[in-house]
Amino acid sequence: MKRVKELIEKFINSKIAISILLALCLLIATASLQGCAGQESKPDVEPVPEKQTLTLVLDEYPKIDGSTATIPLSEAVAGKVLSMDVEEARQYIVHNTTHNAYVNLLDEKADVIFVTSPSEEELALAEEKNIKMEVIPIVNEGFVFFINEKNPVKSLTLQQVRDIYAGKITNWKEIGGQDKQIVAYQRPENSGSQTGMLDLVISKDEIMDPPLEQVIAEMGQIIDAVAVYSNEQDAIGYSYYYFATDMWKNEKVRLLAIDGIEPSQETIGNRTYPIMTAYYAVLRSDEPADSNARKLVEWILSEQGQKTVEEAGYVGLQMD
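From a predicted model like this one, the values you see are computed outputs, not experimental measurements. (Residues numbered from 1 in each chain as written. Predicted model: local features only at pLDDT ≥ 70, side-chain atom pairs only at ≥ 80, totals over all residues. Heavy atoms only, no water.)

Here the focus is the layout of surface pockets. Over the atoms rolls a probe the size of a water molecule, and its path tells where empty space is left. Taken as a whole, the largest pocket spans an internal volume of roughly 240 Å³. For the largest pocket, the lining is made up of 14 residues, of which Ser119, Glu120, Leu198, Asp199 and Lys204 are closest to its centre. When contributions to the lining of the largest pocket are tallied by element, the ones reaching two or more residues are helix H5 (120-128) and helix H7 (192-200). When residues in the lining of the largest pocket are grouped by element, the largest group, four residues, is from H7. Considering only residue class, the lining of the largest pocket consists of three nonpolar, five polar and six charged. (1 Å grid on protein atoms, 1.4 Å probe; cavity = no way out; pocket = protein on both sides within 12 Å on 5 of 7 lines; lining within 4 Å. Points joined across faces, edges and corners; volume = space filled by probe spheres on them. Helix = DSSP H or I, 4+ residues; strand = E, 2+ residues; numbered from the N terminus. Nonpolar A, V, L, I, M, F, W, Y, C, P; charged D, E, K, R; others polar.)

The structure is reproduced here in structure tokens:
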């Protein structure tokens, strides 16, 4: 009997030990599950980078000038930075055309200008005043040629364009068109589009001297002049894509493809269009590093700034 009693007590003690062990395991498992559940309910979240912002009041806003084609850009930027709608901001935007804007920058009457690239004369003026300029691209742009919609020519090579403006090709039949004289309109020296023409297409030494009546003073007027159709002659002109398609669109003119590539938001954006350029923010190099003019240019190059100029119809730099 004594031996049986010892066996029973040993069995009971073993069951208690096992129960205690099982209870401890259960507690550990429960705690472990609760810990896991707690981690799942609060997952790690990657912080979203803040978009660069800039807010100024009117008294702090830099003195801006620029070309005709960048007026909408300037209005859109001012509206966003000054926390105004574009209509309200418009009253504070004055652009005096490309050459005058460069002169005002060099004379310290403007802090930053939105323009096309400087002409030889503007660079010489800066050198004369011993001023260095910083020319910073802020949006992509294409330099375009246009003809009357009734002209059957759809595309020219870049070399054919050069030959037209050098006076080597004088009739449309030489390049697949009708037997009509080519009237090759130009813009005045130091205008933004004439500077673009000489920088991007044909040199000053090669371009022919046009009759006075074929030099068109205003950007919009050259488009309107090409829109006029004549049975004896047909014209060609040039400008910047944004101006020709957004600011002074005329249904009676058609943009030419160059080397088989038509100018468009897509081809300018991916830089496959052959005659690429930009609109620039230009500052004097002595502009203080912490000035609002520099802060404004930095903001335009930011994600938020590029989105703003794209919403205004320009082709952003599409930076990675």
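Counting all residues, the mean pLDDT for the chain is 87, and 83% of those residues have values of 70 or more. Low pLDDT, under 50, characterises residues 1-50; the predicted model gives this stretch zero contacts beyond four residues in sequence or across chains. (pLDDT = per-residue confidence, 0-100. Contact = heavy atoms within 4.5 Å.)

As a further point, take the packing of aromatic side chains. Counted according to the given criterion, the structure contains 10 aromatic pairs. On the numbers, 5.3 Å between centres and 80° between planes, the contact of Phe143 with Tyr240 is edge-to-face. One end of the pair, Phe143, is in strand E3 (residues 133-148); the other, Tyr240, is in strand E6 (residues 233-240), and 97 residues separate them in sequence. Across this residue pair, the class does not change: Phe143 and Tyr240 are buried. When the ring of Phe243 is compared with that of Trp248, the centres are 6.2 Å apart and the planes differ by 15°; the resulting orientation is stacked. Take Trp248: its relative accessible area is 37%, and that puts it in the partly exposed class. A connected cluster of aromatic rings, assembled from ring pairs, spans Phe143, Phe145, Tyr165, Tyr238, Tyr240, Tyr242, Tyr279 and Tyr314. One residue, Lys150, lies across the ring of Tyr229, its end atom 4.8 Å from the ring centre. (Phe/Tyr/Trp six-rings, centres within 6.5 Å; stacked < 30°, edge-to-face > 60°. Buried < 20%, exposed > 50% of the residue type's maximum accessible area, 1.4 Å probe, protein only. Lys NZ or Arg CZ within 6 Å of the ring centre and 35° of its normal.)

Here we come to the environment of Arg284. With respect to the element layout, Arg284 can be found in strand E9 (residues 276-284). Beyond its immediate sequence surroundings of up to four residues, Arg284 is in contact with Leu105, Glu108, Ala110, Asp111, Ile131, Lys132, Glu134 and Arg294. A polar contact of 2.8 Å, which involves the side chain of Arg284, links it to the backbone oxygen of Ala110. (Polar contact = N/O pair within 3.5 Å; in protein donor to acceptor, adjacent residues only side chain to side chain.)

The buried fraction of E6 amounts to seven of the eight residues, a majority that puts the element mostly inside the structure. Pairing of E3 with E6 involves five bridges; the strand directions are antiparallel. Among the inter-strand pairings, Ile147 is bridged to a residue of E6, identified as Ile236. Note: strand E5 (residues 181-184) against E6, four bridges, orientation parallel. Within E6, the position partnered with Ala184 by the bridge is Ile236. (Pairing = 2+ DSSP bridges.)

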